[in-house]
Amino acid sequence: MIQTILILTANPKGTSQLRLDQEVRDIEEGLQRAKQRDQFVLKSMFAVRPRDIQRAMLDINPSIVHFSGHGTGDEGLVFEDETGSAKLVDGEALAGLFELFAEQVECVVLNGCYSEVQALAIAQHVNYVIGMKKAIGDKAAIEFAVGFYDALGAGRSVEFAHKLGCAAIRLAGIPEQLTPTLKKKPNIEIEEQPPVTNKPAPEELNDSDREILTELLIRSGRAEYSARKALCIKIGIEPNQLGFLRESTDADFALELISYLHTTDDKQAIGKICKQLEVVFKRGKYAVDLDSITSKLNLS
C-alpha cells in the first residue's frame, strides 16, 4: 500500500532561522534511493498556517504527517499567520484535528523543540507520535529525520525507525540522541509479539549498569585508541560508522560507545562487551557486577 508523507514546515518572522529546506531535501533524497521507494509519496508545504493543515489533511490524505519548525512546550507549535508572524497552536487543538483523521494517519512526527507535550495529546488518537523532550539542534533534527525515513523506506517499523533516527544523531557525534521520544496510542497492539516461552524477558540496564560498563571499559584498556577498532569488530559494530571513534580520551570513547549501544538497544553487542571484560575481571566485585549485567541481558 502506498503511503503519503505530508511535511509541514513553518519558520515565521522573528524566530531563529532553521534549515527546513535542507531537511525536506535530505528526506526526499533518502526516500528516492530507498528499497521501497515506490511505496511512498512525499508532499511538502512551507510557511504553513493553521488553516493550511486542515486543508492538506483533506486534499492529500496522508498516512504520515511530519512537522518541522519551532515548538514552545505547553504553549504549542509555532505556525504562521497571514502576515508571516508566529501563530501558536496548542496540543489540544492539534489532538482534536488528528482525532478526525485517526483512521488514515498512522504516525505523526513533531520535529521541533519541546514538542513532547503535543505528542502526548495527539497520541490519544494516533498510533505513533514522535516529539522532542527538550530543545533540539538543527543538525540533530535533520539527522533524526533522515535516519527515521531511511528506515521506513527500507520497510522497517515506526518503532525501529525511531531507534535508527536516534542512532543517526549519535553517529553524527551529536549528544542529543535521547531527545526524540516515541509515544504510542493507549492499548495499541504491539507490532511483533515474540513467541511465548518460559524464558524471562531481558531487563533494561539502568544508569548504574551503564556507568559500571563504562568504567570497566576504561580500566580494561579496551577503550584505548589502539584497541578501539578491534573492540568494535569483536562486538559486531562497523568502526567507521562511529563518529566518536577518535574521541580524544579513553573515558569519552567508553561513555559514547555504551550510550550508543543503549540508545540502539543493541543487547547483543553489550553482551559481547561483557564477555570481553570477563576475561580481564575474573574475580572480585567487578566479576559480580558483570555477572549481574549479563543476567539482565538474558542472551543465553
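Further up the page is the structure itself.
None of the values given here were measured: they were computed from a predicted structure. (Residues numbered from 1 in each chain as written. Predicted model: local features only at pLDDT ≥ 70, side-chain atom pairs only at ≥ 80, totals over all residues. Heavy atoms only, no water.)

A. Up close: the side chain of Ser63. For Ser63, the position within the fold is in the loop between α2 (50–60) and β3 (64–68). Taking the relative accessible area as the measure of exposure, Ser63 reaches 10% and is therefore buried. When sequence neighbours within four positions are dropped, the list of residues in contact with Ser63 reads Gln3, Thr4, Gln104, Val105, Glu106 and Cys107. (Helix = DSSP H or I, 4+ residues; strand = E, 2+ residues; numbered from the N terminus. Buried < 20%, exposed > 50% of the residue type's maximum accessible area, 1.4 Å probe, protein only. Contact = heavy atoms within 4.5 Å.)

B. Expanded view of the packing of aromatic side chains. Considering all chains together, one arrives at four aromatic pairs under this definition. Ring plane angle 50° and centroid distance 4.9 Å describe the contact between Phe67 and Phe79, whose orientation is recorded as tilted. Within this pair, whereas Phe67 is found in strand β3, its partner Phe79 is found in strand β5 (residues 77–80), the two being separated by twelve residues in sequence. Like Phe67, the residue Phe79 is buried in the burial classification. (Phe/Tyr/Trp six-rings, centres within 6.5 Å; stacked < 30°, edge-to-face > 60°.)

C. Looking closely at the layout of surface pockets. Its volume calculated, the second largest pocket comes out at about 150 Å³. Lining the second largest pocket, in full, are Asp207, Arg210, Glu211, Thr214, Leu255, Glu256, Ile258 and Ser259. Counting residues per element, the ones that place at least two in the lining of the second largest pocket are α7 (207–220) and α9 (250–263). (1 Å grid on protein atoms, 1.4 Å probe; cavity = no way out; pocket = protein on both sides within 12 Å on 5 of 7 lines; lining within 4 Å. Points joined across faces, edges and corners; volume = space filled by probe spheres on them.)

D. Structural detail: the environment of Leu242. Here Leu242 lies in the loop between α8 (225–234) and α9. Overall, the relative accessible area of 4% leaves Leu242 in the buried class. Residues within four places of Leu242 in sequence aside, it is in contact with Leu171, Cys232, Ile237, Leu257 and Tyr260.

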